Amino acid sequence: MRKYLFLSIIGLWLFSTSSIAQIRTIELPEYESCNTESLVINKMQMNDSETVLFCDGFGEPNNWIYLTSGIYLKGKSGKIYKFLHSEGFEMDKQVFMPASGTVSFKLYMEPLDKKETSFDFIEGQDENQFRILGIKTYKINGTYSLFNQRRSD
């Protein structure tokens, strides 16, 4: 009797853990190149319903930064992942920098396919718009991202 009870409990536990959404988190994601020092992706969380980019925007106090709601991610596969919404940043509007010169916010994007190993963050077609290219969806042990190199100088 105990054997059946134990097996039932194990089966229930396995079923409940498999039905919970898996969230992959990458701290300080590594990337290949970027055309700005005004925008940094500090962390990303990927799950079945969305990809969340935790960002910091930098600028001189009382200056502004701007992000268009036309941003998108382009996977290494070529697939496009659209912008869903933001939290802590008003899109399509000049956002003035506080005295600290930093504003933190989240960008919610369509979920990346699990097979994507990297993607590009693209604000738009204009060369002056933000681009962060080759953002890795995994951590590379023993190497530093461009972000880490820039911050350690």
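Residues numbered from 1 in each chain as written. Predicted model: local features only at pLDDT ≥ 70, side-chain atom pairs only at ≥ 80, totals over all residues. Heavy atoms only, no water.

## Observations regarding the packing of aromatic side chains
- Tallied over the full model, the rule gives one aromatic pair.
- One residue, K43, lies across the ring of F54, its end atom 4.4 Å from the ring centre. (Phe/Tyr/Trp six-rings, centres within 6.5 Å; stacked < 30°, edge-to-face > 60°. Lys NZ or Arg CZ within 6 Å of the ring centre and 35° of its normal.)

## Looking at the sheet that holds strand β6 (residues 72-75)
- With antiparallel pairing, the nine strands of this open sheet are ordered in space as β1-β3-β4-β9-β7-β6-β10-β11-β2. Looking at which strands have only one partner, the edges of the open sheet turn out to be β1 (24-27) and β2 (33-34).
- Judged from the four bridges that link them, strand β10 (residues 118-122) and strand β11 (residues 131-136) form a sheet pairing that is antiparallel. Following the sheet pairing, S118 is matched in β11 by K136. (Pairing = 2+ DSSP bridges. Helix = DSSP H or I, 4+ residues; strand = E, 2+ residues; numbered from the N terminus.)

## What to know about the nonpolar core
- L53, L67, L107 and F121 are the most contacted members of the largest nonpolar core, which totals 28 residues.
- If you list the elements that add at least two residues to this core, you get β3 (39-46), β4 (51-58), β7 (80-87), β9 (102-109), β10 and β11.
- Apart from residues no more than four positions distant in its own chain, F121 is found in contact with L39, I41, L53, L67, I71, Y72, L73, L107, F130, R131, I132 and I135. (Core = buried A, V, L, I, M, F, W, Y, C linked by side-chain atoms within 4.5 Å. Buried < 20%, exposed > 50% of the residue type's maximum accessible area, 1.4 Å probe, protein only. Contact = heavy atoms within 4.5 Å.)

## Some details on the pattern of salt bridges
- Across all of its chains, the model carries five salt bridges by this definition.
- Here E87 makes a salt bridge to K106, at a shortest N to O gap of 3.7 Å. Placement of E87 in strand β7 and of K106 in strand β9 is noted, with a sequence separation of 19 residues between them.
- Assessed through its relative accessible area of 39%, E87 is described here as partly exposed.
- K106 sits in the partly exposed class, given a relative accessible area of 24%. (Salt bridge = Lys/Arg side-chain N within 4 Å of Asp/Glu carboxyl O.)

## Things to note about the environment of K76
- In this fold, K76 is placed in the loop between β6 and β7.
- Sequence separation between K76 and L133 is 57 residues; the distance between their C-alpha atoms is 10.0 Å.
- Apart from residues lying up to four places away in sequence, K76 is in contact with E116, T117, S118 and F119.

## As for the side chain of S118
- Tracing the backbone shows S118 in strand β10.
- When sequence neighbours within four positions are dropped, the list of residues in contact with S118 reads G75, K76, G134, I135, K136 and T137.

## Some remarks on unusual backbone geometry
- A positive phi is found at L28, a non-glycine position, where the angle reads about 45°.
- Within the secondary structure layout, L28 lies in the loop between β1 and β2.
- We note that N62 has phi near 70°; this positive angle belongs to a residue other than glycine.
- Among the secondary structure elements, N62 is positioned in the loop between β4 and β5 (64-65).

## A word on the pairing of β10
- Counted residue by residue, β10 has four buried out of five residues, so it is predominantly covered.
- In this structure, β6 lies alongside β10, joined through four bridges in antiparallel fashion. In the strand pairing of β10, K74 is matched with D120.

All quantities given are derived from atomic positions and should not be read as evidence of function.
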